[in-house]
Amino acid sequence: MILQHKGLGLFRVKLWGNPWHGPVRDGGLTLPNATTRAKSQPEPHYDFISGVLTAIPDTWGGAHLVKVPGVPEVVRSVEEQAEDDAAGRQWRNTAVLSGDRLELYGKPLDGWLYIDPDGVRWRVTCPDLEENTVRSFGTPWSGTLTLSRFGEFGGAAESHSYPVSSGWGVTGDVPLTSGRIRLESIKPDGSAAILMVHQRRLTSEETQIRWPYAFLELTISGPGAAATVACSVVKARSVVSQKVLDFDLGPDYLAGYYLGPGHTEPPSWRFQLASTPTPPGEGNFAEWGGRECKVFSGPVNLTLRRTLSIWYDASGTRQDVDFVLDWAGTLDMPAPTEDGLVCSGTASWTAAIQVGGVVRCEISGAWAGAASETLDGVNPGSMTWTRTVTTDGIDYVETVSGDADPLSWQSPPLDDVSGYFTGGVSFIENNATVFNGHLDVIRYAPQVIGLCADRPSARAYHPPATPTGTASGAVTVASTARRYGAWNPFDGAAVWLETSPVCWV
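Residues numbered from 1 in each chain as written. Predicted model: local features only at pLDDT ≥ 70, side-chain atom pairs only at ≥ 80, totals over all residues. Heavy atoms only, no water.

Let's shift gears to the nonpolar core. The biggest cluster of nonpolar side chains holds 39 residues, and the ones touching the most others in it are Trp112, Trp141, Leu147, Leu195 and Ile220. Top contributing element to this core by residue count: strand E19 (residues 210–221), with six residues. Discounting chain neighbours no more than four positions away, the residues touching Leu195 are Leu129, Trp141, Ile181, Arg182, Leu183, Ala214, Phe215, Leu216, Leu218 and Cys231. Membership of the second largest hydrophobic core comes to 32 residues, among which are Leu325, Ile353, Val389 and Ala404. (Core = buried A, V, L, I, M, F, W, Y, C linked by side-chain atoms within 4.5 Å. Buried < 20%, exposed > 50% of the residue type's maximum accessible area, 1.4 Å probe, protein only. Helix = DSSP H or I, 4+ residues; strand = E, 2+ residues; numbered from the N terminus. Contact = heavy atoms within 4.5 Å.)

Let us look at the side chain of Arg182. Counting through the fold element by element, Arg182 comes out in strand E17 (residues 178–186). Under the relative-accessibility criterion, Arg182 is labelled buried at 2%. Of note is the side chain of Arg182, whose polar atom sits 2.9 Å from the side chain of Glu184. Residues contacting Arg182, with those up to four places away along its chain left out, are Thr59, Asp100, Leu129, Glu131, Ile194, Leu195, Met196, His198, Arg210, Arg443 and Pro446. (Polar contact = N/O pair within 3.5 Å; in protein donor to acceptor, adjacent residues only side chain to side chain.)

Counted by the stated rule, this structure contains 24 salt bridges. Notably, a salt bridge pairs Asp58 with Arg210, separated by 2.9 Å at the nearest N-O pair. Placement of Asp58 in the loop between strand E7 (52–55) and strand E8 (63–67) and of Arg210 in strand E19 is noted, with a sequence separation of 152 residues between them. One salt bridge connects Arg101 with Asp110, and the closest N-O pair in it is separated by 2.7 Å. (Salt bridge = Lys/Arg side-chain N within 4 Å of Asp/Glu carboxyl O.)

Here we take up the confidence of the model for the protein chain. Mean pLDDT over the protein chain stands at 83; residues scoring 70 or higher make up 78%. Taken as a whole, residues 277–283 scores under 50 in pLDDT and shows 13 contacts with residues more than four places along the chain or in a different chain. Scored below 50 in pLDDT, residues 422–435 makes 44 contacts in the model with residues more than four places away or belonging to other chains. (pLDDT = per-residue confidence, 0-100.)

A few words now on the pairing of strand E18 (residues 192–200). Remember that side chains alternate between the two faces of the sheet whenever the strand is regular. Of all nine residues that make up E18, eight are buried, and the element is covered over most of its length. Looking at chain direction, E17 and E18 are connected through six bridges and run antiparallel. Paired with Ile181 across the two strands is Val197, which belongs to E18. Between the antiparallel neighbours E17 and E18 lie five residues, among them Gly190 with a positive phi of about 75°. (Pairing = 2+ DSSP bridges.)

The pairing of strand E6 (residues 46–49) with E7 spans four bridges and is classified as antiparallel. Looking at the pairing, Tyr46 lines up with Ala55 of E7. Counting the residues in the hairpin turn of E6 and E7 gives two residues, including Ser50, whose phi is positive at 55°.

Attention now goes to the sheet that holds strand E3 (residues 23–25). With respect to topology, four strands assemble into an open sheet ordered E5-E4-E3-E39, the strand pairing being antiparallel. Whereas interior strands pair on both sides, the edge strands pair on one side only; in this sheet they are strand E5 (36–38) and strand E39 (502–504). Geometrically, the sheet is characterised by an average inter-axis angle of 30° between neighbouring strands, direction not taken into account. Bridge count between E3 and E39: three bridges; the pairing is antiparallel. When the bridges of E39 are listed, Val24 appears paired with Cys503. (Axes fitted to C-alpha atoms, helices over the stretch in contact; angles between N-to-C directions.)

Relative to the helices and strands, Tyr162 resides in strand E16 (residues 159–166). Residue Tyr162 is classed as buried on the basis of its relative accessible area, which comes to 13%. Separated by 19 residues in the primary sequence, Tyr162 and Gly143 place their C-alpha atoms 8.5 Å from one another. Sequence-distant contacts of Tyr162, defined by excluding residues within four places in its chain, comprise Gly143, Thr144, Leu145, Leu147, Gly224, Ala225, Ala226, Ala227 and Val229. At a separation of 2.7 Å, a polar atom in the side chain of Tyr162 contacts the main-chain carbonyl oxygen of Gly224.

A positive phi angle is found at Asp26, which is not glycine, with a value near 50°. In this fold, Asp26 is placed in the loop between E3 and strand E4 (28–30). Residue Asp26 is classed as exposed on the basis of its relative accessible area of 65%. At Leu497, a residue that is not glycine, the phi angle is positive and equals roughly 60°. On the secondary structure map, Leu497 appears in strand E38 (residues 494–498).

Structure representation (structure tokens):
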């Protein structure tokens, strides 16, 4: 606000602030009336990668809403609104922190704004949230959070510092030794922020960029001069990566020829369950020259879930952003006989991005496979199998034939999914962006995450999820990498499929 002198000791309150808002691309700000103004791109995060200062792709388009409780909406007269519309101005009672350095009105804050219970604004900074630092999980995360008065004219800003620490939340079957931490989401009043514990993945593809392991929440309460600051795990590794499996692989089954003491020539084929006691003698599989397999026939249901992010909605409520894979099928893997083995399987699946449990992006597919293997005396014999994977309406067919494996029966219906079954948590931690080789999660920006499916010589991009819904637009097939996007926290609009950086201010 600014006070304009009107004479006789009277003043009139006039609007004061930045009315220029819209997406920024290639040094230009596009206003609501479609005109443009020169505007530098809000800064992303940079890191030295192979000796080159490199911009991290998914950090260009980040945007966080700032809303001071109790501030009324701006009311304009009909004439004033018409003038604003013609000029491309938008007067708001909210603001946006843009880019990974959290720019406000063209100036990077390298922090965010906290509005305390008295309505006082404080700039929040914490150097210990620098994501380029690879940290050891052997010691808790700790840092110093500083609150500095914001928006005051004249003099040095009052500031107060508070220590804060937290566990990592990364314990699990396979120990994790190190990773990164980044600021992922901020409440509109600045009283809480989500911190992602992760490892970063940078390739030439539009992959999801990050493997989240756990999420922390940093909270601030009370007056800035006497605040309470805390940090705790809100989603540990054990629930960030989950699998629910309704499936029993069945017993190990041995099929081979006996080579132990007293064996005869020529050896004859024998079949037995691997659960048979294995003392020295015919029950000991180590004394066999043969193969083992699983025996199973029936339905298989599998759900994999991996949290990709946590977003705050406009009210400050946390929303989990999950990659969810539901796989339902039937496998038929009988016990082998002297003639060999024939097995088959079929399934259908859906992969989705869910926000707060609501599907906002989805791709479906199917899968079918069959295999046969023959026995040939004491030799491995021959095998052949065919598998068809359908992803987003496109069929991918693979056929293989040749000599059989001397140690294991070939059972592609199981081979194709056993990694998901037996190591599901490891799979979704380390490679959730690839399913059947044709599906990726793509993180356009911290608040724009979707799915894309490979097609021959191109990719099919599906409208991504945002904190306020599904981004507008249609499924688009393109051969040029399209890794950038941005979300507008003011009205929920989003852009995606961009070939160069974009950000909302």
